[in-house]
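Understanding the architecture of this molecule
Residue strings, one per chain:
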There are 2 protein chains.
Amino acid sequence: MAGKWVRMVTAQTPTNIAVIKYWGKRDEALILPVNDSISVTLDPAHLCTTTTVAVSPSFDQDRMWLNGKEISLAGGRFQSCLREIRSRACDVEDEEKGIKIAKKEWENLHLHIASYNNFPTAAGLASSAAGFACLVFALAKLMNAKEDQSQLSAIARQGSGSACRSLYGGFVKWIMGNDEDGRDSLAVQLADEKHWDDLVIIIAVVSSRQKETSSTSGMRETVETSLLLKHRAKEIVPKRIVQMEEAIKNRDFASFAQLTCTDSNQFHAVCLDTSPPIFYMNDTSHRIISVVEKWNRSEGVPQVAYTFDAGPNAVMIARDRKAASLLLQRLLFHFPPNADTDLNSYIIGDKSILQDAGIQKKEDVDALPPPSNIKDDIPSHKFRGDVSYFICTRPGRGPVLLSDKSQALLNPETGLPK
Amino acid sequence: MAGKWVRMVTAQTPTNIAVIKYWGKRDEALILPVNDSISVTLDPAHLCTTTTVAVSPSFDQDRMWLNGKEISLAGGRFQSCLREIRSRACDVEDEEKGIKIAKKEWENLHLHIASYNNFPTAAGLASSAAGFACLVFALAKLMNAKEDQSQLSAIARQGSGSACRSLYGGFVKWIMGNDEDGRDSLAVQLADEKHWDDLVIIIAVVSSRQKETSSTSGMRETVETSLLLKHRAKEIVPKRIVQMEEAIKNRDFASFAQLTCTDSNQFHAVCLDTSPPIFYMNDTSHRIISVVEKWNRSEGVPQVAYTFDAGPNAVMIARDRKAASLLLQRLLFHFPPNADTDLNSYIIGDKSILQDAGIQKKEDVDALPPPSNIKDDIPSHKFRGDVSYFICTRPGRGPVLLSDKSQALLNPETGLPK
């Protein structure tokens, strides 16, 4: 296996949004949760991580670049993933390139990793979930590991808990498991993305001045101090998991929305019950909830579900395209773009929703009438600039290999970032 | 008992702030709570209701004026209080005026009631608690009812739950009771205001654009929809009540502060766990919590407790005058008054705390240095105008009769508002 060859694999992995939340670990090192969780995988066309992993006898250490900048791999979470996946490496033979790597050689070979998010890392959109899922998926392919997606998810979990749910498309359940070593704490697919393809997702990226508590330290503090968390994890979530699986199976949007919203709110409730309290939602988040709740009530049946992770951004799931375009009108009425923001950068992702909403230019936003249900009772406040931008997307597929060499992030000769 | 006489009584009753919260009724009509609660009575010099009640054979109906404006007494809560107190009326003899009212005559006599709050009713400062307590206390005196304060508290409770705690000064416990008719759901004094007279209270009246959910409908919705409330009421609050009584008895500020803050946060957590969620705190409330929590942490031992009722206003309880003046400096640093607000109307109540803080004029506020604990880690943001004003006060006494006739709110000849 001598020589200057470089073997590379490039993969693309989606991010995901939990509809039954993961909050609290029973084991910090292994990242074992206190309850099951369920998520929807988001379309990688709009939110994904692309990762190229490379191996070469010429590499003298493991190295990683994130969004073009070299970062340290010394952290325990990277080390766990690398150790676990290396121990599952198998013989690799690439006849075309004349490369042969025996199973036992992997422990002495070094890796180069380059990763890129097609969305702002700092926006609080679960970049670590997509990132660790992509790292583990790509390395498994590189190393010819025989593990299936669920077994890989248990490795990705050790990088970032919610990463395990990004190994599948569609609707995914992270089973908390019982084993002390965590081997049964892994993700399974409940349904693929085609099962319920009416759903449309709109994400409001909310401007924030607050420095947020990281989810790692936040959930540790909740486990240590909240008297409500244990009751949630033991008594409430197990029932909700069963109900949510049923709602997804039956494409029962009313139940899906009710469970999604109440579980998001309960997650933020246990954050507030933490000492000192953790606030992830801000006034803008509250106003978005209010817009959605009022509309759902005025329609009689839920049109939109909302859910918030460890930050102020709202993820809204509309029952269909019609509801999504009406939602977008309402959102744009209350949260119009700043004067210096153009519409094209204010609504990103699947812009066809914007066309459905009859909005072609910024003047169309200013001309939006107040939503009908608020005419009488509350003043139609506008909060210009409180949302940074919106992303229109949908449920999407799981990880894929990118065979097009031009999409690799590392140079095939040097193994360094292009 | 013929003639044109008017018999009048004027009383003054404090408001109170719960440190273990009341949220949720087990009986809506009788106002019976799902758990015990504990409050601190606030000094009536700064926050109180004054009520004059009058009876005369010349009155042809029950009438009431609140802050000079006539209001309806038709509501069930007023009717409950009037009915209950009338049924306890006794013989009255006023030799000086030559008035004799026999016990059985009360049911045919009409009442005039005038009530006045020495603080803005709309500020969300528990005006109904002081109001109903004062109404019941004054009527009991007018009608020579023999009931003690606890028995009166059970009547005031039927006007507004938290009103029962305003029948005593100092530290007060509302015992939830067991009887279906509510007779054992009443307030008792844990300690009077002299027991722990180091405490200083600063209230931040927070500007808000939001229309808030009333506490009556809010707590009904929480009872109906929150899965966490029952656990709080049955498992958590009973233990906290015991701990809080102990902390008050021992003047143990560290325990008092920890229990006060966590219980306030848990109350807001169950509001958030309500469907649709209820948000009483806003970004300014969160920032005030952050200021207090950071300072408490930097000092090692708690200097200040915070608690929030059904609105964004912060009630902060400082361990002593020194802590209160340092707290006021911190608050004024982060929340300076608007340019058009003068210091005298920005800090009201006990202004000696302002002197202790070394602040004589508005320029002194602008000259405040950033609090020492935030120098390094977080930017020292200022949120000018986000607080409307501050009230400096302390724990205070219970209801008193005002014998000075000039303080009566009704004309002694006509029984109409002065």
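Note that this is a predicted model, so its numbers are computed, not measured.

What counts and how
- Residues numbered from 1 in each chain as written.
- Chains lettered and ligands numbered in written order.
- Predicted model: local features only at pLDDT ≥ 70, side-chain atom pairs only at ≥ 80, totals over all residues.
- Heavy atoms only, no water.
- Pairing = 2+ DSSP bridges.
- Helix = DSSP H or I, 4+ residues; strand = E, 2+ residues; numbered from the N terminus.
- Axes fitted to C-alpha atoms, helices over the stretch in contact; angles between N-to-C directions.
- Contact = heavy atoms within 4.5 Å.
- Least-squares fit on C-alpha atoms with pLDDT ≥ 70 in both.
- Domains from an automatic or database assignment.
- Buried area = accessible area lost by both parts, 1.4 Å probe.
- Salt bridge = Lys/Arg side-chain N within 4 Å of Asp/Glu carboxyl O.
- Polar contact = N/O pair within 3.5 Å; in protein donor to acceptor, adjacent residues only side chain to side chain.
- Nonpolar A, V, L, I, M, F, W, Y, C, P; charged D, E, K, R; others polar.
- Core = buried A, V, L, I, M, F, W, Y, C linked by side-chain atoms within 4.5 Å.
- Buried < 20%, exposed > 50% of the residue type's maximum accessible area, 1.4 Å probe, protein only.
- 1 Å grid on protein atoms, 1.4 Å probe; cavity = no way out; pocket = protein on both sides within 12 Å on 5 of 7 lines; lining within 4 Å.
- Points joined across faces, edges and corners; volume = space filled by probe spheres on them.

All names here are of chain A. The strand order across the open sheet built from four strands is β2-β5-β12-β13, with neighbouring strands paired in antiparallel fashion. One side of each edge strand has no neighbouring strand; the edge strands of this open sheet are β2 (16–20) and β13 (186–191). Looking at each pair of strands side by side, their axes are set apart by 35° on average, direction ignored. The pairing of strand β12 (residues 171–175) with β13 spans five bridges and is classified as antiparallel. Following the sheet pairing, I175 is matched in β13 by L186.

Residues and elements named next belong to chain A. Mapped onto the elements of the fold, I278 is located in the loop between α6 (253–272) and α7 (283–299). For the pair formed by I278 and E212, sequence separation is 66 residues and the distance between their alpha carbons is 8.6 Å. Look past the residues within four positions of I278 in its chain and what remains in contact with it is T213, G218, E221, T222, C271 and L272.

A few words on the relation of the copies chain A and chain B. Here the two chain copies are tied together by a rotation about an axis and a shift along that axis. If you rotate chain A by 180° and push it 0.0 Å along the axis, it lands on chain B with an RMSD of 0.0 Å. The operation mapping one copy onto its partner corresponds to a two-fold rotation axis. When each C-alpha of chain A is compared by its distance to the rotation axis, A269(A) comes out closest, at 2.1 Å. A share of 100% of the interface residues of chain A reappears at the interface of chain B, consistent with the copies meeting face to face through the same patch.

All names here are of chain A. On domain assignment, one finds that chain A holds domain 1 (7–196) and domain 2 (200–393). The straight-line distance from the C-alpha centre of domain 1 to that of domain 2 is 28 Å. Between domain 1 and domain 2, the buried area comes to about 3,200 Å², and carbon and sulfur atoms account for 71% of it. Of all residues in domain 1, the largest losses of buried area upon contact with domain 2 belong to K21, W23 and W196, amounting jointly to 28% of the total for that side. In this structure, E28 and R220 form a salt bridge, with 3.4 Å as the shortest nitrogen-oxygen distance. Summed over the shared surface of domain 1 and domain 2, the number is 13 residue pairs in polar contact (both at pLDDT 80 or more). When contributions to the side of domain 1 that touches domain 2 are tallied by element, the ones reaching two or more residues are β2, β5 (37–41), β12 and β13. Among the elements that take part in the side of domain 1 that touches domain 2, β2 stands out by supplying four residues, more than any other. Taken together, the residues of the side of domain 1 that touches domain 2 break down into 18 nonpolar, six polar and seven charged.

With that settled, consider the nonpolar core. Residues M316(A) and M316(B) are the most contacted members of the largest nonpolar core, which totals 244 residues. With residues up to four places along the chain from it excluded, the contact list for M316(A) reads V200(A), I201(A), I202(A), A204(A), I288(A), V292(A), V304(A), A305(A), Y306(A), L327(A) and L331(A).

A few words on empty space enclosed by the protein. A complete count under the given rule lists three cavities of 30 Å³ or more for this structure. Roughly 150 Å³ of internal volume is contained in the largest cavity. Every residue lining the largest cavity is counted, 14 residues in all, and those nearest its centre are L272(A), F279(A), H286(A), L272(B) and H286(B). Secondary structure elements with two or more residues in the lining of the largest cavity: α6 of chain A together with α6 (253–272) of chain B. The computed volume of the second largest cavity comes to approximately 120 Å³. In this structure, the second largest cavity is lined by 14 residues; those nearest its centre are I17(A), G124(A), L125(A), D309(A) and V315(A). Of the residues belonging to the lining of the second largest cavity, the class tally is eight nonpolar, five polar and one charged. When residues of the lining of the second largest cavity are assigned to domains, at least three map to each of domain 1 (7–196) and domain 2 (200–393) of chain A.

So, about the interface of chain A and chain B. The partner chain B presents 29 residues to the 29 residues of chain A that form the contact. Taking both partners together, chain A and chain B bury about 2,800 Å²; carbon and sulfur atoms supply 62% of that area. Where chain A touches chain B, the interface holds zero salt bridges. Where chain A packs against chain B, one counts four residue pairs in polar contact (both at pLDDT 80 or more). Classifying every residue of the side of chain A that touches chain B by side-chain character gives twelve nonpolar, ten polar and seven charged.

Cis rather than trans, the peptide bond between S275(A) and P276(A) has omega equal to -5°. Relative to the elements of secondary structure, P276(A) occurs in the loop between α6 and α7. One non-glycine residue, N144(A), adopts positive backbone phi at about 60°. Since its relative accessible area comes to 28%, N144(A) is described here as partly exposed. The phi dihedral of I31(B) falls on the positive side, at around 55°, and the residue is not glycine. Residue placement: I31(B) occurs in the loop between β3 (25–27) and β4 (32–33).

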